[in-house]
Amino acid sequence: MAKIRVGRVGEQIKKELSQIIQSELKDPRIGFITVTGVDVTNDFSQAKVFLSVLGNDEQKAETLRALGRGSGFIRSELGKRIRMRKIPELIFKFDASIDYGSKIESLLHQINNGNTDV
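The following refers to the structure shown. Keep in mind that what you see is a predicted model, and the values were worked out from it rather than measured.

1. Brief notes about the nonpolar core
Judged by nonpolar contacts, the single largest core of 25 residues is most densely connected at Ile13, Val49, Leu51, Leu67, Ile74, Leu78 and Leu90. For this core, the secondary-structure elements that each account for two or more residues are helix 1 (2-24), strand 1 (33-40), strand 2 (46-53), helix 2 (57-69), helix 3 (71-81) and strand 3 (89-94). Broken down by element, this core gets its largest block of residues, six residues, from helix 1. Excluding anything up to four places from it in sequence, Leu90 contacts Leu17, Ala47, Val49, Ile74, Arg75 and Leu78.

Here's what the structure looks like:
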């Protein structure tokens, strides 16, 4: 039963974080971000937020730094939107699965077209 609640809380945090980052944060260092997932610990003390960022490695690093600096504001906004006793500490990480998937897709497309210069 506890796993179901952790999953629901994670999904709600993901939804609210997406809205907060998109509409509330006005930092120019933050580019186009997609929140791909949130893993919350069983005691709700930490939440790993997985992000997909469009841009090169320098832009990704700058976005991560900007989110780290704004984590206090993000947590306070999250606290206003979600009724919880304690808002978890947010740990931002990059989700490389989308980049990996697009690379595999391009390789498969090259193979199907007969281009073997991979």
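2. Here's the deal with the pattern of salt bridges
Counted by the stated rule, this structure contains six salt bridges. Residue Arg81 is joined to Glu16 by a salt bridge in which the shortest nitrogen-to-oxygen separation is 3.4 Å. Here Arg81, found in helix 3, pairs with Glu16, found in helix 1; they are 65 residues apart in sequence, far enough to count as distant. A salt bridge links Glu62 to Arg65; the shortest N-O distance between them is 2.5 Å. With Glu62 and Arg65 both in helix 2 and three residues apart, the pair spans about one turn of that helix. A relative accessible area of 24% means that Glu62 is categorised as partly exposed. Connected via shared salt-bridge partners are Asp27, Arg29, Glu62 and Arg65.

Calculation notes
- Here, residues in each chain are numbered from 1, in the same order as that chain's written sequence.
- Per-residue local features of the predicted model are confined to residues with pLDDT of at least 70, and side-chain atom pairs are confined, for both listing and counting, to 80 or more; whole-chain, interface and lining totals are unaffected and use all residues.
- In computing side-chain properties, one takes all heavy atoms of the structure into account and sets aside hydrogens as well as water.
- Put simply, a nonpolar core is a bunch of buried Ala, Val, Leu, Ile, Met, Phe, Trp, Tyr and Cys residues held in one set by side-chain atoms that sit within 4.5 Å of each other.
- Exposure is judged per residue with a 1.4 Å probe applied to protein chains only, and the accessible area is read against the type maximum: over 50% gives exposed, under 20% gives buried, and values in between give partly exposed.
- By the criteria applied, helices consist of DSSP H or I runs no shorter than four residues and strands consist of E runs no shorter than two, each listed in order from the N terminus.
- Note on contacts: a residue pair qualifies if any of its non-hydrogen atoms lie within 4.5 Å across the two residues.
- Throughout this description, the term salt bridge denotes a Lys or Arg side-chain nitrogen within 4 Å of a carboxyl oxygen of Asp or Glu.

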